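# Structural features, examined
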Amino acid sequence: MQEHVCIIGTGSWGTTLAIVFARAGQNVSLWARSRDESDALNTRRENLDFLPGIAFPLTVHVTHDLAEAVRGARICLAVVPSQTFRDNIRQARPYLGSDQIIVSAAKGIELGTLQRMSEILRAELPHIDPAHFVALSGPNLAREIAAGLPASTVAASPDENAAREVQQRLNSPLFRIYTHNDVTGVELAGALKNVYAIAAGAADALNVGENAKATLLTRALAEMTRLGAALGANPLTFAGLAGIGDLMCTCHSPHSRNHTLGERLARGEKLAEIQSGTHMVAEGVTTARAARALAAAHGIEMPLVEQVHAVLFADKSPRQAIGDLMGRGAKTEFWGIG
C-alpha cells in the first residue's frame, strides 16, 4: 500500500485534518466506526454531520477497516473525544508498529485517571518508543480551516525529530505547524481552554463588558500556567499558540461549541437539555471535572475552574459565579507562579 497519513476519527476536527493534509498532497486514510458511515462518506464525498458543503479531495479514502487505515501509515493521528481516546487506541494497538509516529489531536483530560492523552499513549502502547508520540494543539477552529482560512498549530514531542517530521510532512501554505518540546504544557493548555471558553460564553451572554472579558482571559491564563508549572510544564508555553493563542480563539469565537454552551447556560438552559440536543462534544464539560480533581490532587487553586464546575454540576447561576469571583480575597497578580 502507498504510504499515507492515517486519521482515526470522523468528527469535525478529524475530517478537517483529512481534508487539509490531502490538499497538501498527502494520501489520507480516514477511519470510520462502521461500514455504513464509511460508505456514506465515500459516496457523498463530504461529512454532512460535521462539515456540510466541504468536499473531500480525491486523495481522502474513508474505510471502516482499522487495519487497512493504519497499515503503511508513517503518521497516525487519533482525533477522537478525550473520554473515548483510550478505547480507540486499544482498538488500533494491534495494527500500530514501533516505526510509526502517533499524534494525539484530542484536547482533554481523562476522567478517573486524570491522564493527558500522551500519558494514555504511553500506557496503552508500551511497544512504541514514547519519543514517537506527538501532541497537536493550537487555535484551530475546524470550520475555518476546512474552508481554507490560514491557521497555525503546534506539534509537541519529547523528541525533536518526531515533532519536526510531523511539521515537515504535514505543513502547508494554509496550515503552518510549529514544533515544541513541552508536551505537558501544550496538552494542558489545549484541555483547559475549553473550560474557560464556557465561562467566556456565559460572560458574553450576560454582557459583562470588555474589561471583565479581558480579566477573565488573563486570569484563565494565570490559572492554567499555575497548574502547568506544578506539573512540570514550561510557563512560557502558555504564552504561545497552544496557550494564549487557543484561549483567545476559543473564548471569542461563535463557532466554539464550548463558548456556545456557556452562552446557553447563562440564558437559563440546563446542561442536560443542551447536551441532548447536539451530537457534538463540548470537551470543557468533562474537562471541568477532571481539571478540578487534578488541581485538588496537586494543591493548586483554580477559582475559575471551580466556578465553571459549580455552574455545570451544582446548578449555580453564572451571575452568582461572577459575584463570587469578584468577591474573593485580594491577591498579588502572579501568586502561585514562580
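Notes on the structure follow. (Residues numbered from 1 in each chain as written. Predicted model: local features only at pLDDT ≥ 70, side-chain atom pairs only at ≥ 80, totals over all residues. Heavy atoms only, no water.)

Turning to the pattern of salt bridges, a few remarks are in order. Tallying each qualifying case throughout the model produces 20 salt bridges. The salt bridge involving K213 is made with D204; its shortest N-O contact spans 3.0 Å. Looking at K213, the relative accessible area reads 4%, which means it is buried. Residue D204 is classed as partly exposed on the basis of its relative accessible area of 29%. (Salt bridge = Lys/Arg side-chain N within 4 Å of Asp/Glu carboxyl O. Buried < 20%, exposed > 50% of the residue type's maximum accessible area, 1.4 Å probe, protein only.)

Before going further, it helps to spend a moment on empty space enclosed by the protein. Picture a little ball the size of a water molecule; that probe, rolled over the atoms, points out where space is still empty. One pass over the full model with this rule turns up 1 cavity of 30 Å³ or more. The calculated volume of the largest cavity comes to roughly 80 Å³. The wall of the largest cavity is formed by S104, A106, K107, G108, R116, M117, A135, L136, S137, V186, E187 and G190. Contributing elements (two or more residues each) for the lining of the largest cavity: β6 (133-137) and α8 (183-205). Considering only residue class, the lining of the largest cavity consists of 5 nonpolar, 4 polar and 3 charged. (1 Å grid on protein atoms, 1.4 Å probe; cavity = no way out; pocket = protein on both sides within 12 Å on 5 of 7 lines; lining within 4 Å. Points joined across faces, edges and corners; volume = space filled by probe spheres on them. Helix = DSSP H or I, 4+ residues; strand = E, 2+ residues; numbered from the N terminus. Nonpolar A, V, L, I, M, F, W, Y, C, P; charged D, E, K, R; others polar.)

A few words on the packing of aromatic side chains. One pass over the full model with this rule turns up 2 aromatic pairs. Where W13 meets F175, the ring centres are 6.3 Å apart and the plane angle is 70°; that geometry is what we call edge-to-face. In this pair, W13 is assigned in helix α1 (residues 12-23) and F175 in strand β8 (residues 175-180), connecting sequence segments 162 residues apart. Residues W13 and F175 agree in their burial class; the two are buried. A network of ring pairs unites the aromatic residues W13, F21 and F175 as a single cluster. (Phe/Tyr/Trp six-rings, centres within 6.5 Å; stacked < 30°, edge-to-face > 60°.)

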